[in-house]
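# Residue-level structure breakdown
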Amino acid sequence: MDKTSNSNPPAQLRLTCATCGGHFRIITPTRLGNYALSCPHCNAQIKLRLTPKAKDDVLVKPRLVEPVLGEPLKVKDGVYVIRRRAIVFRPYKAICPDCGNDIVLLPKQAGKLLTAKCNNCKSMILYKAVENPDSNAPVG
């Protein structure tokens, strides 16, 4: 009878997709740095950054980078709109078309026109959000 040793299984990280909220596990990379992943549930691009251990030898949690909501379309000078709908309370980012800076989007209300302003050049991004389609809220 063959004996297989599973005494040291590979370490795993449990991740949650910021786009669909799905949970999944990956084998912890052996090297520090930046990694690009795809969510196995919705195929959203996820960026993972592994950093060195803190001074007190506690592993620093990996930082998930927000997904890009969509391509900003120019409405007029300094004003852009993203047509893709965000999901309420899920973080996103947009890339400022004027200066290339990241703009953080955290929608807190569904159905209304939301705005975000670039901290660098003051361009505005307009977008809308919808309730989480996975929620069990009654439809009426």
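The notes below deal with the structure included here. What you see is a predicted model, and the numbers here were worked out from it, not measured in a lab.

### Notes on the overall build of the protein chain
From N to C terminus, the protein chain includes zero helices and 12 strands. Ordered by position in the sequence, the α and β elements of the protein chain form the string β-β-β-β-β-β-β-β-β-β-β-β. Sorting the 140 residues of the protein chain into buried and exposed places 29% on the buried side. Summarising the internal contacts of the protein chain: among those between residues at least 6 apart in sequence, 28% fall at separations of at least 24.

### Section: the pattern of salt bridges
Under the definition given, this model contains two salt bridges. Aspartate 102 is the partner of lysine 93 in a salt bridge, and the nearest nitrogen-oxygen pair spans 3.5 Å.

### Overview of unusual backbone geometry
Although it is not a glycine, asparagine 43 sits at a positive phi angle of roughly 70°. Relative to the helices and strands, asparagine 43 is located in the loop between β3 (33-38) and β4 (45-50). By relative accessible area, which is 58% here, asparagine 43 ends up exposed.

### Looking at the side chain of arginine 90
Relative to the elements of secondary structure, arginine 90 occurs in the loop between β8 (86-87) and β9 (92-95). Classification of arginine 90 by relative accessible area gives buried; the value is 11%. A polar contact is formed between the side chain of arginine 90 and the backbone oxygen of cysteine 20, at a distance of 3.2 Å.

What counts and how
- Residues numbered from 1 in each chain as written.
- Predicted model: local features only at pLDDT ≥ 70, side-chain atom pairs only at ≥ 80, totals over all residues.
- Heavy atoms only, no water.
- Helix = DSSP H or I, 4+ residues; strand = E, 2+ residues; numbered from the N terminus.
- Buried < 20%, exposed > 50% of the residue type's maximum accessible area, 1.4 Å probe, protein only.
- Contact = heavy atoms within 4.5 Å.
- Salt bridge = Lys/Arg side-chain N within 4 Å of Asp/Glu carboxyl O.
- Polar contact = N/O pair within 3.5 Å; in protein donor to acceptor, adjacent residues only side chain to side chain.

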